[in-house]
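Read off the chains here:
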Amino acid sequence: MESRRKENRYRLADSLRMEAHGGEIHLSWRAPSSGRMQQAVADKDDLLGLKIVTERLNLKSLSETHALPVSRFYRMLSWLDRKGILKAPAKLLRRDPELFGHDLSDDLFTLAHFGLQWHITNACDLHCRHCYDRSERSVMTGEQALRALDQFQSFCHEHWVVGHISFTGGNPFLYPGFFELYREAVNRGIEVEILGNPVSSEQLEKLCSIKPPGQFQVSLEGLKNCNDRIRGKGCFDRALAFLDLLKEYNIPSGVMLTLHEENLCEVLPLVRELEERADTFNFTRLSQVGEGAALRQISPAQYKTFLEEYLAFAESRPVASYKENLFNLVLRERGQETTTGCTGSGCGIAFDGVVLLPDGEVHGCRKLPSRMGNLWEETFEAIYFSPASEKLRRGMKACDGCPIRAVCGGCIAASTVPPTGFADTTDPCCWRLWGE
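Residues numbered from 1 in each chain as written. Predicted model: local features only at pLDDT ≥ 70, side-chain atom pairs only at ≥ 80, totals over all residues. Heavy atoms only, no water.

## Topic: unusual backbone geometry
- In this model, Gly169 is joined to Gly170 through a cis peptide bond whose omega is 20°.
- Among the secondary structure elements, Gly170 is positioned in the loop between strand 7 (162–168) and helix 7 (178–187).
- One non-glycine residue, Ala67, adopts positive backbone phi at about 55°.
- The backbone phi angle of Ala350 is positive, close to 60°, even though this residue is not glycine.
- Within the fold, Ala350 resides in the loop between helix 13 (327–334) and strand 12 (353–356).
- Overall, Ala350 belongs to the buried group, its relative accessible area being 0%. (Helix = DSSP H or I, 4+ residues; strand = E, 2+ residues; numbered from the N terminus. Buried < 20%, exposed > 50% of the residue type's maximum accessible area, 1.4 Å probe, protein only.)

## A few points about the packing of aromatic side chains
- One pass over the structure, following the stated rule, counts 25 aromatic pairs.
- Here Phe167 and Phe178 contribute two aromatic rings whose centre-to-centre distance is 6.0 Å and whose plane-to-plane angle is 85°, an arrangement assigned as edge-to-face. Here Phe167, found in strand 7, pairs with Phe178, found in helix 7; they are 11 residues apart in sequence, far enough to count as distant. Side by side, Phe167 and Phe178 carry an identical accessibility label, which is buried.
- Centre to centre, the rings of Tyr384 and Phe385 are 5.1 Å apart; their planes meet at 80°, and the pair counts as edge-to-face.
- Phe385 gets classed as buried once you look at its relative accessible area, which sits at 18%.
- A connected cluster of aromatic rings, assembled from ring pairs, spans Trp118, Phe167, Phe173, Phe178, Phe179, Tyr182, Phe216 and Phe242.
- Of note, Arg393 hangs over the ring of Tyr384, and the distance from its end group to the ring centre comes to 4.4 Å. (Phe/Tyr/Trp six-rings, centres within 6.5 Å; stacked < 30°, edge-to-face > 60°. Lys NZ or Arg CZ within 6 Å of the ring centre and 35° of its normal.)

## Quick word on the side chain of Thr121
- With respect to the secondary-structure elements, Thr121 resides in the loop between strand 6 (113–119) and helix 6 (142–158).
- Of the residues examined, Thr121 reaches a relative accessible area of 12% and is grouped as buried.
- Within polar-contact distance, the side chain of Thr121 engages the backbone nitrogen of Ala123 at 3.0 Å.
- Apart from residues no more than four positions distant in its own chain, Thr121 is found in contact with Thr168, Gly169, Gly170, Asn171, Pro172, Tyr175 and Pro358. (Polar contact = N/O pair within 3.5 Å; in protein donor to acceptor, adjacent residues only side chain to side chain. Contact = heavy atoms within 4.5 Å.)

## Comments concerning the confidence of the model for the protein chain
- The predicted model of the protein chain has a mean per-residue pLDDT of 90, with 95% of residues at 70 or higher.
- In this model, residues 1–6 is a region of pLDDT below 50 whose contacts with residues beyond four sequence positions or in other chains number 23 contacts. (pLDDT = per-residue confidence, 0-100.)

## Considering the pattern of salt bridges
- Under the definition given, this model contains 24 salt bridges.
- A salt bridge links Arg229 to Glu262, with the shortest nitrogen-to-oxygen separation between them at 3.4 Å. Here the residue Arg229 occupies a position in helix 9 (residues 224–231), and Glu262 occupies one in the loop between strand 10 (253–259) and helix 11 (267–274), the gap between them amounting to 33 residues.
- Relative accessible area serves as the criterion here: at 47%, Arg229 is assigned to the partly exposed category.
- Under the relative-accessibility criterion, Glu262 is labelled partly exposed at 28%. (Salt bridge = Lys/Arg side-chain N within 4 Å of Asp/Glu carboxyl O.)

## Let's talk about the packing of helix 7 against helix 8 (residues 201–210)
- Viewed as axis vectors pointing N to C, helix 7 and helix 8 meet at an angle of 25°, and their least axial separation amounts to 10 Å. The angle between helix 7 and helix 8 places the two elements in the roughly parallel class. The two elements helix 7 and helix 8 cross, and the hand of that crossing is right-handed. Contacts between helix 7 and helix 8 pair Phe178, Phe179, Tyr182, Arg183 and Val186 from the former with Gln203, Lys206, Leu207 and Ile210 from the latter.
- A per-class count over the contact of helix 7 with helix 8 returns 6 nonpolar, 1 polar and 2 charged. (Axes fitted to C-alpha atoms, helices over the stretch in contact; angles between N-to-C directions. Parallel < 35°, antiparallel > 145°, perpendicular 65-115°, else oblique. Left-handed = near helix turned anticlockwise from the far one by under 90°. Nonpolar A, V, L, I, M, F, W, Y, C, P; charged D, E, K, R; others polar.)

Here is the structure:
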């Protein structure tokens, strides 16, 4: 993978023809999907997109002039590309075709969105039994936080991707400068969401006075008794009350569960409990790192049975979502259409987003040690294209040749990484690899 060339910009489609008639611009072009010629009078988005391309306008300056987020212009340009009026740049944040296949569709091969899961503090008001990092890390200064925002925004601009930030921790609200940092991200047009613990109505009010997050995600580990054994007494009731509060503020809510042997049988009953309370429910598997090493992973046979039950259960329950990669193995075995996997492009470790810790360390995945570099010492660009990052994106050798490699790739975080490195891990729950 290489960095984007400076001249790699949107351009006019080869088939596009423009004529002026009575103060209007008439366009004709060939639609990429059908190959048929289309004709239309240019609307305001068409005209702005054409102006951006022909006059080589700077999107950041355009965003400031019109008081609109940069993501608004990226989406518009992407739509004009799909429509056939513009031709998108050759996006170089892309999968290696030698590993993932030469016939991947564009949504799996290249990136349109890029995420930053930003752990702005390790301070937390809970002590969960599966916590993978209780280490003491240096506190991020306000200056470092602003520099990180600058670096992230610059990287997104350079590579033609819409940036979004998930503020998390620890508990992100325990970071002294949280609201100021949140406001800075919003003012720069970056899409934001929260991954955290329940907060007071006063804190939620303050958050919404800046801008409501795209989603506020909390965690539950099962029904009341199971959840409170793992997360602490009273956590279940507080989470449910908070989900009701989010609904009052019209903030989309999400619930995440960390799946292991102890709470496997709690998932479906929990989803029933959440049907009228949460907008989405998802789960990820246990990473046996940190305190999570004391909990037991699920066997391949158990996991296959569970995924089959979950898929059947979810058919009539819109709240139940499919984040897990190995759903695709079940779907393929049934002859059904696969999903796009955990992050929209299979395993997205070090590819469609990265993790930033309070001390500047950048990781490919928060659930296991996967260091790519340190943002206080290097640029975002240098870290993303570093040899350490390339090793993470390479994924697991055990998945090479699998027909669903592009939309799966297993889960490195659920595996135990051997001394020889990430490539030699094997997903512990994949029944294709371990046998039925």
